[in-house]
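Here's the letter readout for the chains.
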Amino acid sequence: MQSTMMHRPLLLDEIMERAATEFADIEVVSQLADKSLHRYTYGEMVARAKRLAQALLDARVGHGDRVATLCWNHYVHLEAYFGIPAMGGVCHMVNIRLAADDIAWIINHAEDRILIVDDVLLPLYDQFKDQIDVEKVLVVSLTDQPVPDGLERFEDFLATAGDGFIYPDKDENAACGMCYTSGTTGRPKGVVYSHRSTVLHAITAALPDMLDLSYNDTVLPVVPMFHVNAWGLPYVATLIGAKQVFPGPHLDAESLLDLYTAENVNVSAGVPTIWMGILEALDTQPDRWALHPSLRMTVGGSAAPESMLRRFDGHGIELIQAWGMTETSPLGTAARLKPSVQKLSEDERYARRATVGSTAPLVQIRIMGDDGLPQPRDGHSMGELQIRGHWIAGDYYRLETSDDKFTADGWLRTGDIATVDADGYVTITDRTKDVIKSGGEWISSVALENTLMGHEDVAEAAVVARPDDKWGERPLAAVVVHDGAQLEADTLRAYLLERMPKWQVPDDYVFIDAIPRTSTGKFSKLDLRRLLLETD
Ligand code: AMP
């Protein structure tokens, strides 16, 4: 028997229209290149997004056509997030931190028809413009600089359209956005999000046990809008009508703290590197900023050590760890305290908060062992984290080579090695390609790194496997010490021996100036291995 409910497609259009009617006066604030603030309201944002949609229709951009963005986080990027899908197009967010050749490859692979680019990123565009063939390049003015010949001002393009935009009918499974994975090995792979997956993800992300967002919040995504939809925050905030603040090109700790203070931000999100910088600034100038009294920040993208959570608590700021991937929209898990762990000791609660948390509603996970069997939820048994759900990729866009990322029974293979405990808390111990197998047992490089980063003189630490005649592999630690600090390998070894099983403690430590990073701010183990082991 069929239900008697209306059957309406889940579309981003509804999020836009609700923002324009319910939250017309709520502000969207963007920091421009000279640090001045551009302010307007959801009412104006939606009106301009619709004008963008109409201008794209007039330019004969069709359903399913890709329009690329090469932009920082700001109001025009938000208009693109909504305006492009509104007319049936696909907003392709291009990672500005990739090499120019990779950007050209991605734009060509996605067959983008139009490119929206920030004027401050034109030097990057110049590096690959001869390799791409888009019909139009629209320049967003974050400065007063004139637009180069042959390119069009975004504002002029918008001015070509009237106010009469009518949403075309769309299928909820139609594409609305796409991002390419950062591709540490091989070519980047395209993940295409649908209206339906994006709406369901936004609703779930807002839930109290996930990111806990409401229209009383002021949200500042530090995570770039070119990296997995800024973790969906621009969609979530628009859905629930939260005030949004965008940092533009200024992501250094002091600029962010100034902006948090000026706009009274109480919710933020970013990778551990950003929070590391914020901690340093707060430690050295504790009285400089009058932050919101209950500021909370989501951290993800790579592991946030427990010591980081504790240090932020010392500043009255709550850090909430979450896990996800480009392929998972990205929210897969978030570390909140379930009733079963609320009553545990403080140390045990910290230990749970330092996991990546428990699974979001409407997604399922399993830990697949080497033996091809799902592992028990005992907090010890390791295996590959596999996931499925409404906003989890089931395929890649136009992949030319075969791929083993999807299982025959319909799960995404995340490439992360993890455990799950009886309360459902997931701990990521490694990437499959980074695991260290010593004497037949796995050593978690993430656990070693987090413990090392708990040492007061250690700024950063990354651990890779080094081939070893006797044990197969042994861990090798690369350590960056804080400015002015002095550290010996023996001190670190003794520190670890107090906290980890002896056989897991590295024998060798290399002190370096910085850990190499990927385009999305993660430790690049590939580059580190090249640096330390001179491998290819
Ligand atoms: P990306 O697709 O660039 O967002 O990268 C996704 C990968 O980042 C995941 O597969 C994990 O390896 C890693 N990752 C994301 N969040 C976390 C986290 N909280 N802790 C550890 N690793 C994480």
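Residues numbered from 1 in each chain as written. Predicted model: local features only at pLDDT ≥ 70, side-chain atom pairs only at ≥ 80, totals over all residues. Heavy atoms only, no water.

## Some points on the pattern of salt bridges
And then number 1: Enumeration according to the criterion identifies 40 salt bridges in this entry.
And then number 2: Of the charged contacts in the structure, one is a salt bridge between Lys-50 and Glu-17, with a shortest N-O distance of 3.0 Å. Separated by 33 residues along the polypeptide, Lys-50 in helix α2 (residues 42-58) and Glu-17 in helix α1 (residues 12-22) bring together distant segments of the chain.
And then number 3: You can call Lys-50 partly exposed: its relative accessible area is 22%.
And then number 4: Using a relative accessible area of 28% as the deciding quantity, one classes Glu-17 as partly exposed.
And then number 5: Residue Arg-196 is joined to Glu-172 by a salt bridge in which the shortest nitrogen-to-oxygen separation is 3.3 Å. Of this pair, Arg-196 sits in helix α7 (residues 195-205) while Glu-172 sits in the loop between α6 (154-159) and β8 (175-180), placing them 24 residues apart in sequence.
And then number 6: Given a relative accessible area of 25%, Arg-196 falls into the partly exposed group.
And then number 7: Put simply, Glu-27, Arg-39, Lys-243 and Glu-263 are held in one network by salt bridges that share partners. (Salt bridge = Lys/Arg side-chain N within 4 Å of Asp/Glu carboxyl O. Helix = DSSP H or I, 4+ residues; strand = E, 2+ residues; numbered from the N terminus. Buried < 20%, exposed > 50% of the residue type's maximum accessible area, 1.4 Å probe, protein only.)

## Structural notes on the pairing of strand β23 (residues 458-468)
And then number 1: Burial analysis of β23 places 8 of its 11 residues in the buried class, the great majority of the element.
And then number 2: Pairing of β23 with strand β24 (residues 472-481), which is carried by 10 bridges, proceeds in the antiparallel orientation. For Glu-460, the partnering residue across the bridge sits in β24 and is Val-480.
And then number 3: Hairpin connection between β23 and β24: a loop of 3 residues separates the two successive antiparallel strands. (Pairing = 2+ DSSP bridges.)

## Quick word on the domain arrangement of the protein chain
How big an interface is tends to be expressed through the accessible area that disappears when the partners come together.
And then number 1: Assigned domains of the protein chain: these are domain 1 (10-251) and domain 2 (434-535).
And then number 2: Its C-alpha centre places domain 1 at a distance of 38 Å from the equivalent point of domain 2.
And then number 3: On the side of domain 2, 4 residues touch domain 1, which itself brings 6 residues to the contact.
And then number 4: Carbon and sulfur atoms supply 62% of the area buried between domain 1 and domain 2, which totals about 480 Å² over both sides.
And then number 5: Linking domain 1 with domain 2 are 1 residue pair in polar contact (both at pLDDT 80 or more).
And then number 6: Within the side of domain 1 that touches domain 2, the residues separate by chemical class into 1 nonpolar, 4 polar and 1 charged. (Domains from an automatic or database assignment. Contact = heavy atoms within 4.5 Å. Buried area = accessible area lost by both parts, 1.4 Å probe. Polar contact = N/O pair within 3.5 Å; in protein donor to acceptor, adjacent residues only side chain to side chain. Nonpolar A, V, L, I, M, F, W, Y, C, P; charged D, E, K, R; others polar.)

## Looking at the layout of surface pockets
Rolled over the atoms, a probe as big as a water molecule pinpoints where empty space is left.
And then number 1: Roughly 340 Å³ of internal volume is contained in the second largest pocket.
And then number 2: Surrounding the second largest pocket, 14 residues form its lining, Met-382, Thr-429, Ser-444, Ala-447 and Gln-504 being those nearest its centre.
And then number 3: Elements with a contribution of two residues or more to the lining of the second largest pocket: β20 (426-431) and α14 (445-452).
And then number 4: A per-class count over the lining of the second largest pocket returns 5 nonpolar, 8 polar and 1 charged. (1 Å grid on protein atoms, 1.4 Å probe; cavity = no way out; pocket = protein on both sides within 12 Å on 5 of 7 lines; lining within 4 Å. Points joined across faces, edges and corners; volume = space filled by probe spheres on them.)

## Here's the deal with the nonpolar core
And then number 1: Residues Phe-128 and Trp-275 are the most contacted members of the largest nonpolar core, which totals 176 residues.
And then number 2: Residues from two domains meet in this core; each of domain 1 (10-251) and domain 2 (434-535) gives at least three. (Core = buried A, V, L, I, M, F, W, Y, C linked by side-chain atoms within 4.5 Å.)

## Details of empty space enclosed by the protein
And then number 1: Summed over the entire model, instances satisfying the criterion amount to 3 cavities of 30 Å³ or more.
And then number 2: In this structure, the largest cavity encloses a volume near 50 Å³.
And then number 3: Together, His-92, Met-93, Val-94, Asn-95, Leu-98, Ile-106, Tyr-180, Thr-181, Ser-182 and Phe-226 line the largest cavity.
And then number 4: Looking at the lining of the largest cavity, its residues break down into 6 nonpolar, 4 polar and no charged.

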